[in-house]
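# A structural walkthrough
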Amino acid sequence: MKKIIPILFLTLGMGLQAQEVSISQIDFEGLKRSKESFLRRLIKTKEKSVYDTLKIKDDVDRLKRLPGIANASYSSHIVGDNAIVTYTLEENFTLIPGLRIATANDGSFAYRISAFEFNLFGNNQLFGGFYEKNVFSSYGVFWEHPFLFSDKLGIGLSYQDVTTLEPVFFDSGEEDYRFNSKNLEANLLFSFDFNNEAELGAILVQENYRFEGESLIPNRPNNLEADKLIYRAAYRHVDLDIDYQYVDGIQNEFTGQYIQFLDGNIAGEAFLDNFLSLRNDFIYYKKLGDKGNWANRLRLAAAIGNEDSPFAPFTLDNQLNIRGVGNTVDRGTAAIVFNTEYRHTLHEKGWFVIQGNAFIDAGSWRRPGNDFSQLFDGSSAQLYPGLGIRFIHKRIFNAVFRLDYGFGIGTNATNGIVFGIGQYF
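Let me begin by describing the structure that accompanies this report. (Residues numbered from 1 in each chain as written. Predicted model: local features only at pLDDT ≥ 70, side-chain atom pairs only at ≥ 80, totals over all residues. Heavy atoms only, no water.)

Moving on to helix 3 (residues 53-65). If you check helix 3, its first and last C-alpha atoms are 19 Å apart, about what 13 residues at 1.5 Å a residue would give, namely 18 Å. Three or more residues of helix 3 are buried, namely I56, D59, V60, R62, L63 and K64. The N-cap of helix 3, judged by a side-chain oxygen 3.0 Å from the amide nitrogen of L54 a few residues on, is D52. (Helix = DSSP H or I, 4+ residues; strand = E, 2+ residues; numbered from the N terminus. Expected span 1.5 Å × (residues − 1). Buried < 20%, exposed > 50% of the residue type's maximum accessible area, 1.4 Å probe, protein only. Polar contact = N/O pair within 3.5 Å; in protein donor to acceptor, adjacent residues only side chain to side chain.)

Spatially, three strands are ordered 1-3-2 in an open sheet, and the strand pairing comes out mixed. What marks the edges here is a single partner per strand, and that holds for strand 1 (22-29) and strand 2 (69-79). For this sheet, the mean inter-axis angle between neighbouring strands, taken without regard to orientation, is 20 degrees. Inspection of the sheet shows strand 2 paired to strand 3 (residues 82-91) by 10 bridges, in the antiparallel sense. Paired with S75 across the strands is T86, a residue of strand 3. The sheet contacts of helix 3 involve strand 2 and strand 3, and relative to strand 2 the element is tilted by about 160 degrees. (Pairing = 2+ DSSP bridges. Axes fitted to C-alpha atoms, helices over the stretch in contact; angles between N-to-C directions. Contact = heavy atoms within 4.5 Å.)

Attention now goes to the packing of aromatic side chains. Under the definition given, this model contains 17 aromatic pairs. Here Y177 and F211 contribute two aromatic rings whose centre-to-centre distance is 5.6 Å and whose plane-to-plane angle is 65 degrees, an arrangement assigned as edge-to-face. Of this pair, Y177 sits in strand 9 (residues 173-191) while F211 sits in strand 10 (residues 196-211); the two residues are 34 residues apart in sequence, bridging distant segments of the chain. Overall, the relative accessible area of 9% leaves F211 in the buried class. Within the aromatic cluster, the residues linked to one another by ring pairs are F116, F118, F130, F142 and F397. Over the ring of F130 we find R112, and its NZ or CZ is 3.7 Å from the ring centre. In this structure, R366 packs its charged tip against the face of F372, placed 3.9 Å from the ring centre. (Phe/Tyr/Trp six-rings, centres within 6.5 Å; stacked < 30°, edge-to-face > 60°. Lys NZ or Arg CZ within 6 Å of the ring centre and 35° of its normal.)

Here the focus is the pattern of salt bridges. Counted by the stated rule, this structure contains 25 salt bridges. Close ionic contact of E166 with R331 constitutes a salt bridge, the shortest N to O distance being 3.0 Å. With E166 in strand 8 (residues 153-170) and R331 in strand 16 (residues 330-332), the pair connects residues that are 165 residues apart, well separated along the chain. The burial state of E166 is the same as that of R331; both residues are buried. Residue D404 is joined to R323 by a salt bridge in which the shortest nitrogen-to-oxygen separation is 3.2 Å. Of this pair, D404 sits in strand 20 (residues 400-407) while R323 sits in the loop between strand 15 (314-316) and strand 16; the two residues are 81 residues apart in sequence, bridging distant segments of the chain. A residue is classified by how much of its surface remains accessible, and D404, at 1% relative accessible area, is buried. (Salt bridge = Lys/Arg side-chain N within 4 Å of Asp/Glu carboxyl O.)

Within the fold, G386 resides in strand 19 (residues 382-393). Sequence spacing of G386 and F407 is 21 residues, and the spatial spacing of their C-alpha atoms is 5.6 Å.

Encoded structure:
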């Protein structure tokens, strides 16, 4: 007991001494485009505060999540009661062009070109736009400043004018409609703490569906026109450890939208009811060994209030949920989708990485007019295993060029190639 007491006092004394160390100076190394004043405002560690390694490590993780930062680390130099903390940063190239090619629903060649700057003015503003040719022409412009008002509050604005040829699925068959949507969106962006974020906003929409067939079929609308107001709320929990192409941790995002139709023509009233749209994405990443990464996504979605409308909000599509299934091949008023894949680094040298992956995409949909039980009875289930490859530039934000091939299993299943930029999830 006599030995324990001195050891206890020695331990307490060391703890008190450590708490008395204060930060006299904070430095940043490796900055090229990012503004130091912005980073100082963002980090929680401040000069003249108590030296806290846990808080500093949280700052490092937060810096690594910024689009403008490829990687971050820290070092400290302690002399007596004073500490000098240095954050060492590797910046991303953030002016990103994009190209997506596909086959349109009428069989013609479709493409989308875009350009986005993710670190505008050195404080991680996003600005950019796209042009798309998918039977018809579409475009969009986006601006987002997550830290405009403070390190916790920002804003996002966007405008899109999108026109596509969309299949709509009726009980007696599939019909093509020319779909046009003009969207003006505004959101407030909240960062409550290191792990929790939220968005609150509204979207003003002018929407039009026009029948593209040769002759109108009874009980099907020839033309639907409506203005609608969408109230949108999203909550995001992020607890990720990011090391270039490797990600470890969880992320959960819930999005709720209330769609209110302000005006609709007489022919469309039966198909344009106000409804509530709910979606939750839970993502789990696990780093395996030195070169492996296991990634999983569970998506749950449901629309309440328009269960019978063939103009359902959730689509079965290559780029969104099931790789290899095709472009907009089905619609639903509820969905369960599970994606799992193993990513393995095949080659890495300097800034360049080649990564292979094996995946399984599975899901089921509740089609218009059906009960929730259809999600579980197998009648709308889809199962697509597949293989893919990734070409990754470690110094360019989101520069992951992916190519996947999905193999359909089951009756009337298809196979197909899916190309895109960025990891699938």
